[in-house]
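# Tertiary structure, described
These are the residues of each chain, in order.
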Amino acid sequence: MGLFGKKPTMDEMVRKWKRELKREERQIERSIREIQGQERKTEIEIKKLAAKNDLKSAKVLARELVKSRAAKARLYQSKANISGISMQLTQQASMLKMQKTMGKSAQIMGMMNQCVKLPQLNKVMMAMSREMERAGLIEEMMDDVFEDEEESEEGEELLDAIMDEILAGVKTAPTVNSTLEAETTGQEADLGDMKSRLEQLKA
């Protein structure tokens, strides 16, 4: 209900929904920027660990990077869905002005179904979907639509690809064996020089 118990018009409801969608879109953009900032820090740390030849720890961080990239991809998809819903609402509002009625929108319902799966949007989008149901814009949404999707385990191939991407051009620290080998080679060269000088002195 609006002020003094007056029921808002459909046009007013559409404007309200679009304002809420814009607010949620800005929140998603902030979340994406936060993830990107954390990813940059993680990539730097991975490079530092690799330079010390601590690839085990680097791989642990790389696995976290895989998860954050997946989360970022879901946010981008939700942002696209929100933009799509807003555009469909604009079209529905135009239809309302011409035909004095709005038909049910399967497109809006489909995009709403996707948005409510994101934890950050679940509460707001569920409330909005109920309002759209009462307004006759979408069909009643099933409860199982709101269940979160389980994250699938990322394969080792994806993990290795991320490691290769980040560590391209990074020089790892020499291993113990390679260091000892270099030192031994250097010592042998010094002994050879000393023998050569002794032979010259004897001559």
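Everything discussed here concerns the structure shown above.
All figures in this text were calculated on a predicted structure; none of them were measured in a lab.

Before going further, it helps to examine the environment of N81. Along the chain, the position of N81 falls in helix α2 (residues 55-99). Along the primary structure N81 and G110 are separated by 29 residues, whereas in three dimensions their C-alpha atoms are 9.1 Å apart.

Our focus in this paragraph is unusual backbone geometry. Its identity as a non-glycine residue notwithstanding, N53 has a phi of 70 degrees, on the positive side. With respect to the helices and strands, the residue N53 is situated in the loop between α1 (10-51) and α2. Classification of N53 as partly exposed rests on a relative accessible area of 31%.

So, on to the nonpolar core. W17, I85, L89, I108, M125 and M132 are the most contacted members of the largest nonpolar core, which totals 25 residues. Counting only elements with at least two residues in this core, the list comes to α1, α2, α3 (106-115) and α4 (119-134). The leading source of residues in this core is α1, at seven residues. Residue contacts for I85: discarding those within four places in its chain leaves L21, I108, M111, M112, C115, M125 and M132.

Within the secondary structure, L137 sits in the loop between α4 and α5 (156-167). With a relative accessible area of 1%, L137 lands in the buried category.

Thresholds, definitions, all that
- Residues numbered from 1 in each chain as written.
- Predicted model: local features only at pLDDT ≥ 70, side-chain atom pairs only at ≥ 80, totals over all residues.
- Heavy atoms only, no water.
- Helix = DSSP H or I, 4+ residues; strand = E, 2+ residues; numbered from the N terminus.
- Buried < 20%, exposed > 50% of the residue type's maximum accessible area, 1.4 Å probe, protein only.
- Core = buried A, V, L, I, M, F, W, Y, C linked by side-chain atoms within 4.5 Å.
- Contact = heavy atoms within 4.5 Å.

Structural measurements only, silent on function.
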